[in-house]
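If you want the building blocks of each chain, they are given just below.
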Amino acid sequence: MWTLFLVLLLTACVLFVGVGLWVIIGHFFTVDIPAAIGHPVKLRVLHCVFQLLLTWGAIFEKLKICSMPEFVRFMHDLRPLKKDPAVEVKNLRYGTIPVRLFQPKAPSRTLRTGIVFFHGGAGILGSLNTHHTICCRLSKESDSVVVAVGYRRAPQHRFPTMMRDCLAATVYFLRSLDSYGVDPARVVICGDSLGGGVVMTVCQKLLDFSDLPKIRAQILVYATLQGVDFQLPSYQQNKNVPLLTWNFAFNCVCQYLDISPYWRSAIKKGAHFPSEVWETYRKWLGLENIPEKFKKRSYRPVLPAPLNESAHLETNLTLDLMISPLIAEDEVMSRLPETCIVSCEYDILRDNSLLCKKRLEDLGVPVTWHHMEDGFHGVLNTIDMGCLYFPCSTRILNIMVQFVKGL
């Protein structure tokens, strides 16, 4: 009995060490750490830890114990939540949708700004817990009421469940402003990564709700705003930069939208859309809309390959405005509220922000843009990671706070 136990224990140890070594070795062969990013060792450690979680998640998925996203979310949520004595936190439900309410404890003589927050995570990762400190500090430092939405995620709940949950929670909040002491004229919707894309989608949807207060502003932090072109300069330049590599981003898209990974090559070559689609959206997604300085670093234009009809049939849902709000018609985009955009230089999604900035400015929408020259995708979440903290995260939070306070 003891012999069997020792054998199993030894096997588990060897497997654990072996997986760790595999991740570390693979990291040095597949990942690029830009010289301009401060604390490169921190980024290497952070990426290895993240990859280790993804790898173990994939192993457990193969063993049919749980899905990869479920394991990673479980591990992320093990971290204890930090409490702030100046902020009251409540876990609530808007119908069946879990939300977390953050309210400054100090009394206010006037109605406060209200913020609806959608966390990132590519529709498969992230949670109310991973963004708890961000929302808590945002509430405290901007003296605002923050409602973070715990939408359902893939693989159990694929597109468009996330969008529906976020829209429903926002409508519920807008109809309950009195109970939170929120000024109806100062409601902001905010999000990072895919959560940022949902922000724009929800703002577009709310244009049809004439009986609700108008959204005062939207905040987009390295947002996912289109799923049409996967060969923009930033997608090429930063394809191997942590924490969002091109391959990982593509795998997330496949899980979230239930698309087969088989079409990876076709999408990379631009063969998933016919020439008329590329021509239609070139006016908004074309390279001429991206400043020249962002196209200098290791970028080669790629002409779309001939149409792969099968790939197109499965992937054309990415033209849905709930996935690609950036390609909405001018009549819709021009009615969007004042916008704060935060982009990061070493992020494959950087050019989404640049294209969005130009579109909104061309249509007369007020835009505040901040570019993090040393930033990478997901850096905001390091704000409470102790030794893995990056100063860029605090700068982004301060931008968000100052924008809200200036409304």
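What counts, and where the lines are drawn
- Residues numbered from 1 in each chain as written.
- Predicted model: local features only at pLDDT ≥ 70, side-chain atom pairs only at ≥ 80, totals over all residues.
- Heavy atoms only, no water.
- Buried < 20%, exposed > 50% of the residue type's maximum accessible area, 1.4 Å probe, protein only.
- Helix = DSSP H or I, 4+ residues; strand = E, 2+ residues; numbered from the N terminus.
- Pairing = 2+ DSSP bridges.
- Polar contact = N/O pair within 3.5 Å; in protein donor to acceptor, adjacent residues only side chain to side chain.
- Contact = heavy atoms within 4.5 Å.
- Phe/Tyr/Trp six-rings, centres within 6.5 Å; stacked < 30°, edge-to-face > 60°.
- Lys NZ or Arg CZ within 6 Å of the ring centre and 35° of its normal.
- Salt bridge = Lys/Arg side-chain N within 4 Å of Asp/Glu carboxyl O.
- Patch = residues over 30% accessible without salt bridge, like charges linked within 9 Å, V, L, I, M, F, W, Y side chains within 5 Å.
- Areas by Shrake-Rupley, 256 points an atom, 1.4 Å probe, with all protein chains shown as cover.
- Core = buried A, V, L, I, M, F, W, Y, C linked by side-chain atoms within 4.5 Å.

Draft legend 1. Summary view of the pairing of strand S2 (residues 97-104). Of all the eight residues making up S2, seven are buried; the element is thus mostly covered by neighbouring parts of the structure. Adjacent in sequence and paired antiparallel, strand S1 (residues 87-94) and S2 are bridged by two residues, among which Gly95 carries a positive phi angle near 70 degrees. Sheet analysis places S2 next to strand S4 (residues 144-149), joined by four bridges and oriented antiparallel. From the neighbouring strand, Phe102 faces S4, where its bridge partner is Val146.

Draft legend 2. Looking closely at the side chain of Ser142. Locating Ser142 in the fold gives a position in helix H4 (residues 132-142). Only 2.5 Å separates the side chain of Ser142 from the backbone oxygen of Leu138, close enough to count as a polar contact. Not counting residues up to four positions away in its chain, the partners in contact with Ser142 are Ile115, Arg137, Val401, Val404 and Lys405.

Draft legend 3. View of the packing of aromatic side chains. Applying the stated criterion to the full structure yields 14 aromatic pairs. Taking the centre distance of 6.1 Å and the plane angle of 70 degrees together, the rings of Phe230 and Trp246 count as edge-to-face. Of this pair, Phe230 sits in the loop between strand S6 (217-221) and helix H8 (233-237) while Trp246 sits in helix H9 (residues 246-257); the two residues are 16 residues apart in sequence, bridging distant segments of the chain. The exposure classification of Phe230 matches that of Trp246, with both residues buried. Taken together, a centroid distance of 5.0 Å and an interplanar angle of 80 degrees make the contact between Phe376 and Phe390 edge-to-face. With Phe376 in strand S8 (residues 367-376) and Phe390 in the loop between S8 and helix H15 (391-405), this residue pair connects regions lying 14 residues apart in the sequence. Like Phe390, Phe376 is buried. Every member of this aromatic cluster is reached through a ring pair, and the members are Phe230, Tyr235, Trp246 and Phe250. For the cation-ring pair, Lys283 lies above Trp284, with the distance from its terminal atom to the ring centre recorded as 4.5 Å.

Draft legend 4. Highlighting the pattern of salt bridges. Using the criterion set out here, one finds 20 salt bridges in the structure. The salt bridge involving Arg175 is made with Asp211; its shortest N-O contact spans 3.3 Å. Remark: Asp211 occurs in the loop between helix H7 (194-206) and S6 and Arg175 occurs in the loop between helix H5 (161-174) and helix H6 (177-180); sequence separation between them is 36 residues. Taken individually, Arg175 and Asp211 each receive the classification exposed, so the pair is uniform in this respect. A salt bridge links Glu338 to Arg216; the nearest nitrogen and oxygen atoms lie 2.9 Å apart. Here Arg216 lies in the loop between H7 and S6 and Glu338 lies in strand S7 (residues 338-346), a separation of 122 residues in the sequence. Through salt bridges with shared partners, a single network forms among Arg297, Glu345, Arg350 and Asp351.

Draft legend 5. A look at the environment of Trp22. Within the fold, Trp22 resides in helix H1 (residues 2-30). Since its relative accessible area comes to 66%, Trp22 is described here as exposed.

Draft legend 6. The arrangement of unusual backbone geometry in detail. Residue Pro155 is bonded to the preceding Ala154 through a cis peptide linkage, with omega at 10 degrees. Its place among the elements puts Pro155 in the loop between S4 and H5. The amide bond that connects Pro242 to the next residue, Leu243, takes the cis arrangement and shows omega of 0 degrees. Topologically, Leu243 is positioned in the loop between H8 and H9. Look at Lys64: it is not a glycine, yet its phi comes out positive at around 60 degrees. Within the secondary structure, Lys64 is located in the loop between helix H2 (40-62) and helix H3 (68-76).

Draft legend 7. View of a nonpolar patch on the surface. A grouping of Leu21, Ile24, Ile25, Phe28 and Phe29 is seen on the molecular surface, where their side chains present a nonpolar patch of about 570 Å² in accessible area. Topologically, Leu21 is positioned in helix H1.

Draft legend 8. Representation of the nonpolar core in the model. Core analysis: the largest hydrophobic core is formed by 135 residues, its most contacted members being Ile396 and Met400. Residues contacting Ile396, with those up to four places away along its chain left out, are Val221, Tyr222, Val342, Cys344, Met372, Val379 and Leu380.

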